[in-house]
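For reference, the chains in residue letters:
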Amino acid sequence: AQTVTQSQPEMSVQEAETVTLSCTYDTSESDYYLFWYKQPPSRQMILVIRQEAYKQQNATENRFSVNFQKAAKSFSLKISDSQLGDAAMYFCAYRSGGGTSYGKLTFGQGTILTVHP
Amino acid sequence: SAVISQKPSRDICQRGTSLTIQCQVDSQVTMMFWYRQQPGQSLTLIATANQGSEATYESGFVIDKFPISRPNLTFSTLTVSNMSPEDSSIYLCSEKKTGISEQFFGPGTRLTVL
């Protein structure tokens, strides 16, 4: 079974600075997807960014980018120019590309991000 | 992104009762899922809601406790039966369309069992 590990229970950053959230995963599959979700106090799960395993290029969405290291099974999220609205719980998630686990998300434990003004 | 609604958004229930949570998606989707998020915890998959057939449950979750229906491609319900305080959680539905990598979530239902 796949596992996802977020080793940072909490992180903090100053407004306008850059922060990196870590995520590692374990899988024997070659076809899979990785995601970062943000959950603010409203509890809505918001998709931040996704990465397809077959793509070598790291995904980028505005201020959010990932560092995908497939061999190391590492998938970190970098938030640039942090804003107060970025404060939330961030979850890393894994999804198989096919088979019986297709569509099912496996989540890490989450990292609480605090942004200081 | 998909528009997903859930009802109710929150509820406070007495132990021993049951609550049915509804999930509506704005367009036909291939797959719908139900997740549970216990207080301070991550999300755990309860089951995959299959259209027109019985749901597929993950280890640790059973149909008698969490009956699920999916009568069509845009709607599903999750019932939390014979509730106890340990069932106090946020329950979220999720959807995935064929050919689309992204997967989206409803706003969640916060359940408190007294």
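Use the structure listed above.
Just so we're clear, the structure is a prediction, and the values are computed from it rather than from any experiment.

**Student:** Whenever I open this one, the interface of chain A and chain B confuses me. Can you help?
**Tutor:** It is common to give the size of an interface as the accessible area lost on bringing the parts into contact. Between chain A and chain B, the contact holds 19 residues from the first and 26 residues from the second. Carbon and sulfur atoms make up 50% of the area that chain A and chain B hide from each other, which totals about 1,800 Å². Looking at the side of chain A facing chain B, the largest losses of area belong to Arg-43, Tyr-102 and Lys-104 of chain A, adding up to 33% of the total buried there. Connecting chain A to chain B are two salt bridges. For Glu-102 of chain B, the salt bridge identified is with Arg-50 of chain A, shortest N-O distance 2.4 Å. Applying the counting rule to chain A against chain B returns 14 residue pairs in polar contact (both at pLDDT 80 or more). Going through the elements one at a time, β5 (32-39), β6 (46-52), β10 (88-96) and β11 (105-107) of chain A are the ones with two or more residues in the side of chain A that touches chain B.

**Student:** Looking at this structure, I do not really get the sheet that holds strand β1 (residues 4-7) of chain B. What am I missing?
**Tutor:** For sheets, the rule is that strands pair by backbone hydrogen bonds, running either parallel or antiparallel. Residues and elements named next belong to chain B. Overall, antiparallel pairing links the four strands, which are arranged β1-β3-β8-β7 in an open sheet. Each having just a single partner strand, β1 and β7 (68-72) make up the two edges of the open sheet. Looking at each pair of strands side by side, their axes are set apart by 15° on average, direction ignored. Summarising the sheet, strand β3 (residues 19-25) and strand β8 (residues 75-80) pair through six bridges and their orientation is antiparallel. When the sheet's bridge partners are listed, Gln-22 is paired in β8 with Thr-77.

Definitions and limits used
- Residues numbered from 1 in each chain as written.
- Chains lettered and ligands numbered in written order.
- Predicted model: local features only at pLDDT ≥ 70, side-chain atom pairs only at ≥ 80, totals over all residues.
- Heavy atoms only, no water.
- Contact = heavy atoms within 4.5 Å.
- Buried area = accessible area lost by both parts, 1.4 Å probe.
- Salt bridge = Lys/Arg side-chain N within 4 Å of Asp/Glu carboxyl O.
- Polar contact = N/O pair within 3.5 Å; in protein donor to acceptor, adjacent residues only side chain to side chain.
- Helix = DSSP H or I, 4+ residues; strand = E, 2+ residues; numbered from the N terminus.
- Pairing = 2+ DSSP bridges.
- Axes fitted to C-alpha atoms, helices over the stretch in contact; angles between N-to-C directions.

None of the figures reported here should be taken as evidence of function without further support.
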